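# Examination of the molecular architecture
For reference, the chains in residue letters:
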Amino acid sequence: MIKSSIISHAMSDVIMGTWQAGKKYWVGIDDDSIRSSIHAALDHGITTFDTAPVYGDGHAESILGNSISRRTEDIFLISKVAPSDCDYSAVINSCEYSLRRLKREYVDLLLIHWPSGSFNTPNVPIGDTMKALMDLQSKGKVKYIGVSNFSLEQLVEAHTEGPIDAIQSPYSLFWRHIESSLMDYCKAHGISILAYSPLAQGLLTGRFKRGHSFERGDHRKRNLLFKPHLEKAVHQSLSKLEMLASSKHCSMAQLALAWLLSKPSVFPVVGSRNPEQTIDNAQSVQIRLSDEDIESLNTASDAVIQHLDQNPILWR
């Protein structure tokens, strides 16, 4: 796997996401199982973890901080600043609170979670936010700086104000908007792509059958890929992916992650709710795909892609 971006040497190929650990917008999440999942990740070579203050109002950061505090591995931590905290002083305070919950003196990579103004938050000039991030960097509180859920125009604007080492965006076999917008710019400027929802929030594991209904409180009810008008195309694609996974002697999740891992400077950020899922995700680095395999995967997923509009937001 070719990883040529600025921070690629510091991160594990697979990143464990902790949105589920916050519990908010998810159901059936158990703290002890999450802790075991974090330990399983470290035991199987995943040393990079992604979290955010808004994941359960700090709960995910606290679970992660407590789980890794006695581990001796060289761990790389990614956290974020909410769009409501984009003015200078709020960025500083948000980072300080994150560090306390994570039990760390610095965070390896700090991302602007969403552009200011998102979700009816106040609009703050990107230069103000970037100045705060760079000041944190100069004080040793942050090693690298990045953005999340930014359009190409927003990324370029942020990049004119300071260094951008990574961008986090939704990216999977079933959600490939980034390929026509951000990818070329990131490649040209050595910016790592952190691909969130790399399994299309579980859809690419094959465990959700036709007509599946999520429990109340599960945010996936709003995920576009689970909407009824896409169901036929989705399951036609999944049947083809299942056959390819069988031929590769791997799980469908591993196949979907291996597709992302085959791309330069792309790191899947994949969540899990139990150690078994974590171990399966970690083992995706062992899957090797030929050019023919990749073309087959692209073709199989095109049946879904062609039904999507140009809106890059995964939820409605």
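Summary of the structure given here. Keep in mind that what you see is a predicted model, and the values were worked out from it rather than measured. (Residues numbered from 1 in each chain as written. Predicted model: local features only at pLDDT ≥ 70, side-chain atom pairs only at ≥ 80, totals over all residues. Heavy atoms only, no water.)

### Considerations on the sheet that holds strand β6 (residues 166-170)
Under the convention used in this document: When DSSP finds two or more bridges between two strands, those strands count as paired. Strands here are runs of E lasting at least two residues and helices are runs of H or I lasting at least four, both read from the DSSP assignment and numbered beginning at the N terminus. Working convention: axes come from line fits to C-alpha atoms, limited for helices to the stretch in contact. Angles between N-to-C directions cover 0 to 180 degrees.
With parallel pairing, eight strands are arranged side by side around a closed barrel as β1-β2-β3-β4-β5-β6-β7-β8. On average, adjacent strands in this sheet sit at an angle of 30 degrees to one another, irrespective of strand direction. Note: β6 against strand β7 (residues 192-196), five bridges, orientation parallel. Bridge pairing links alanine 166 to serine 192 in β7.

### Remarks on the packing of aromatic side chains
Basically, it comes down to this: Working definition: rings of Phe, Tyr and Trp (its six-membered ring) pair if their centres are within 6.5 Å, and the pair is stacked with planes under 30 degrees apart, edge-to-face with planes over 60 apart, and tilted otherwise.
A full pass over the atoms with the stated rule returns six aromatic pairs. With a centroid separation of 6.1 Å and an interplanar angle of 25 degrees, the aromatic rings of tryptophan 19 and tyrosine 55 are classed as stacked. Of this pair, tryptophan 19 sits in the loop between β1 (15-17) and α1 (31-43) while tyrosine 55 is found in the loop between β2 (48-50) and α2 (59-68), placing the two residues 36 residues apart along the sequence. Both rings, one in phenylalanine 208 and one in phenylalanine 226, keep their centres 5.7 Å apart while their planes meet at 80 degrees; by these two values the pair is edge-to-face.

### Let's talk about the state of the cysteines
Cut-off, in case you're wondering: When two cysteine sulfur atoms lie within 2.5 Å, the pair is treated as a disulfide.
Tallying each qualifying case throughout the model produces zero disulfides. A disulfide-free cysteine, cysteine 186 has its sulfur positioned 19 Å from the sulfur of cysteine 86, the nearest such atom.

### Considerations on the pattern of salt bridges
In plain terms, the rule: By convention in these notes, a salt bridge is any Lys or Arg side-chain nitrogen within 4 Å of a carboxyl oxygen on Asp or Glu. Relative accessibility under 20% of the residue-type maximum defines a buried residue, over 50% an exposed one, and the middle range a partly exposed one, all with a 1.4 Å probe and only protein chains included.
Taken as a whole and judged by the stated rule, the model has 12 salt bridges. Among the salt bridges present, the one from arginine 35 reaches aspartate 32, with a minimum N-O distance of 2.7 Å. Residue arginine 35 and its partner aspartate 32 are both found in helix α1; the two are separated by three residues, about one turn of the helix. The class for aspartate 32 is partly exposed, based on a relative accessible area of 49%.

### Here's the deal with α1
Threshold: Here, expected helix span is obtained from the residue count minus one, scaled by 1.5 Å. By definition, residues are in contact when any of their heavy atoms lie within 4.5 Å. Definition of a polar contact: a pair of N or O atoms within 3.5 Å, with one able to donate and the other able to accept a hydrogen when the atoms are protein atoms, and with sequence-neighbouring residues admitted only if both atoms are side-chain atoms.
In this model, α1 (13 residues) spans 18 Å end to end at C-alpha, consistent with the 18 Å of a helix rising 1.5 Å per residue. What α1 keeps buried is the set Asp31, Ser33, Ile34, Ser37, Ile38, Ala40, Ala41 and Leu42. Buried residues in α1 make contact with β1, β2, α2 and α9 (275-282). Between a side-chain oxygen at the N-terminus of α1 and the backbone nitrogen of aspartate 32 the separation is 3.2 Å; the capping residue is aspartate 30. Downstream of α1 by a residue or two, glycine 45 has a phi angle that is positive, lying close to 95 degrees.

### Looking at the side chain of aspartate 31
As for its position among the elements, aspartate 31 is in helix α1. A distance of 3.2 Å separates polar atoms of two side chains, one belonging to aspartate 31 and the other to lysine 23. In this structure aspartate 31 touches Lys23, His59 and Ile63, once residues within four positions along its chain are discounted.

### Section: α9
To keep things clear, this is the line we draw: This arc describes the spread of directions from the helix axis toward the C-beta atoms.
For α9, the full list of buried residues reads Pro275, Thr278, Asn281 and Ala282. The arc enclosing the buried residues of α9, seen along the axis, measures out at 125 degrees, which places them on a common side. Buried residues in α9 make contact with β1, α1, α8 (252-261) and β8 (266-271).

### Some thoughts on the nonpolar core
To keep things clear, this is the line we draw: Buried Ala, Val, Leu, Ile, Met, Phe, Trp, Tyr and Cys residues form a nonpolar core when they are joined through side-chain atoms within 4.5 Å.
Judged by nonpolar contacts, the single largest core of 103 residues is most densely connected at Phe174, Leu194 and Leu225. Sort the elements by how many residues they give to this core and α8 lands first, with nine residues. Setting aside anything within four residues of it in sequence, one finds phenylalanine 174 in contact with Leu203, Leu204, Leu225, Val234, Ser237, Leu238, Leu241, Ser301, Val304, Ile305 and Leu308.

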